[in-house]
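Chains, contacts and geometry: an overview
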Number of protein chains: 2
Amino acid sequence: MFQLDLKNGKPIYEQVVDKFKELIINGVLKPDDKIPSVRDLAQQLTINPNTIQKAYRELEYQGYIYSVQGLGSFISHPKTTIDHVKANQLKEQISSDIFELLYMGIGTQELKDFLSSILTSWKGGKEND
Amino acid sequence: MFQLDLKNGKPIYEQVVDKFKELIINGVLKPDDKIPSVRDLAQQLTINPNTIQKAYRELEYQGYIYSVQGLGSFISHPKTTIDHVKANQLKEQISSDIFELLYMGIGTQELKDFLSSILTSWKGGKEND
DNA sequence: TAACTGTACTAATAGTTATAGTACATTACA
DNA sequence: TGTAATGTACTATAACTATTAGTACAGTTA
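Below is a short write-up of the structure. None of these values were measured; they are calculated from a predicted model. (Residues numbered from 1 in each chain as written. Chains lettered and ligands numbered in written order. Predicted model: local features only at pLDDT ≥ 70, side-chain atom pairs only at ≥ 80, totals over all residues. Heavy atoms only, no water.)

Brief notes about the nonpolar core
A general trend in soluble globular proteins is that nonpolar side chains are found buried together. Rule in force here: Working definition of a nonpolar core: buried Ala, Val, Leu, Ile, Met, Phe, Trp, Tyr and Cys residues. They are joined through side-chain atoms within 4.5 Å. Buried residues are those whose accessible area, probed at 1.4 Å on protein chains only, stays under 20% of the maximum for their type, while exposed residues exceed 50% and partly exposed ones sit between those limits. Contact definition: two residues touch when any of their heavy atoms are within 4.5 Å.
One finds Ile98 and Leu115 of chain A together with Ile98 and Leu115 of chain B to be the most contacted residues of the largest nonpolar core, which totals 72 residues. Beyond its immediate sequence surroundings of up to four residues, Ile98 of chain B is in contact with Ile94, Leu115, Ile118 and Leu119 of chain A together with Leu111 and Leu115 of chain B.

Structure, rendered in structure tokens:
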């Protein structure tokens, strides 16, 4: 399903969480899609099942998947209400990253073009709904 | 000089690093400004000097400060060349954060306005050079 | 010399991460 | 019914990280 970088410094379960979030946000995984079982994915990635379980628990806590005993784990439906606390955290992160880029000397026009290209490339799986 | 959140989950030395980076990037601290000694800042924040030392070592490694034995630690002059590896890492982080905001349901126009306001507010201490 | 500075260690403690193993409840299906 | 697969919840252990504590040394200033 995807690759891991075990020498990344970043905890394995966080890498799993991030990968799934990326696939969900980019529309590769769609609502009610089934994801591999804890034991299967652990075997595929040759890591311990507990590590996957921790990742799935975190993904469920963050609202990206839901799990049903005996059935498996599945992609959640997007929320209809915005979590403003989380949104503001993301905004602050974006803000400080942009400031750091500007401090490093990136051109204002280059930065604008980069941000425009992100907005343009946003499809997010909405087109197939 | 600033406040710490000891119950943040984030390591203390990383919080110190981030705070200094913020002050430097926003132009509050200017090149060759002296920052508190390892022992002084540790006393101010009531934490261990080794934690501050680790933060300063990291800041020096990242190029934000320079230290001179017997003299103290000071704000570095901005680099004249862009670190493209670091710039690309920042771009990827910005990109995924923006996608996450869009996935959460933030309006495209609201996002554009937010990004514009960041660019507008960029002064970064260049005006007093 | 005395006081301050950064730097480099060792050691101990607490917390986190990952692995290993076990057990139990729920679901689907033959 | 029974079996296999699933999620879930534990305990235990080892390795690593973060933090504190203490000591020591070298360079700078007055």
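Overview of the interface of chain B and chain A
Rule in force here: Throughout, the accessible surface (probe 1.4 Å) given up by two parts as they are put together, summed over both, is called the buried area. By definition here, a salt bridge exists when the distance from a side-chain nitrogen of Lys or Arg to a carboxyl oxygen of Asp or Glu is within 4 Å. Each polar contact in these results corresponds to two N or O atoms within 3.5 Å; when the atoms are within protein, one needs to be able to donate a hydrogen and the other to accept it, and residues that are neighboring in sequence are counted only if both atoms are side-chain atoms. Segments assigned H or I by DSSP are reported as helices when at least four residues long, segments assigned E as strands when at least two residues long, and all are numbered from the N terminus.
In this assembly, 34 residues from chain B lie in contact with 35 residues from chain A. Between chain B and chain A lies a buried interface of about 3700 Å² when both sides are counted; carbon and sulfur atoms form 77% of it. On inspection of chain B and its partner chain A, the count reaches six salt bridges. Taken together, the connections running from chain B to chain A amount to eight residue pairs in polar contact (both at pLDDT 80 or more). Contributions of two or more residues to the side of chain B that touches chain A are made by helix 1 (12–25), helix 4 (84–104) and helix 5 (108–120) of chain B. It is helix 4 of chain B that contributes the most residues to the side of chain B that touches chain A, 15 residues altogether.

A short note on the packing of aromatic side chains
Quick note on the threshold: Each Phe, Tyr or Trp ring (for Trp, its six-membered ring) is paired with any other whose centre lies within 6.5 Å, and the angle between the two planes then decides the class: stacked below 30 degrees, edge-to-face above 60, tilted in between. We count a charge as sitting over a ring when the NZ of a lysine or the CZ of an arginine lies within 6 Å of the ring centre and within 35 degrees of the ring normal.
Applying the stated rule across the entire model yields eight aromatic pairs over all chains. Their ring planes at 20 degrees and their centres at 6.0 Å tell us that Tyr64 of chain A and Tyr103 of chain B sit as a pair that is stacked. With Tyr64 of chain A in the loop between helix 3 (49–61) and strand 2 (65–68) and Tyr103 of chain B in helix 4, this pair bridges two chains. With respect to class, Tyr64 of chain A is no different from Tyr103 of chain B; both count as buried. The side chain of Lys54 of chain B reaches across the aromatic face of Tyr13 of chain B, ending 4.3 Å from its centre. Across from the ring centre of Phe114 of chain A, 5.4 Å away, lies the NZ or CZ of Lys91 of chain B, which sits over that ring.

So yeah, pure geometry; function would need other evidence.
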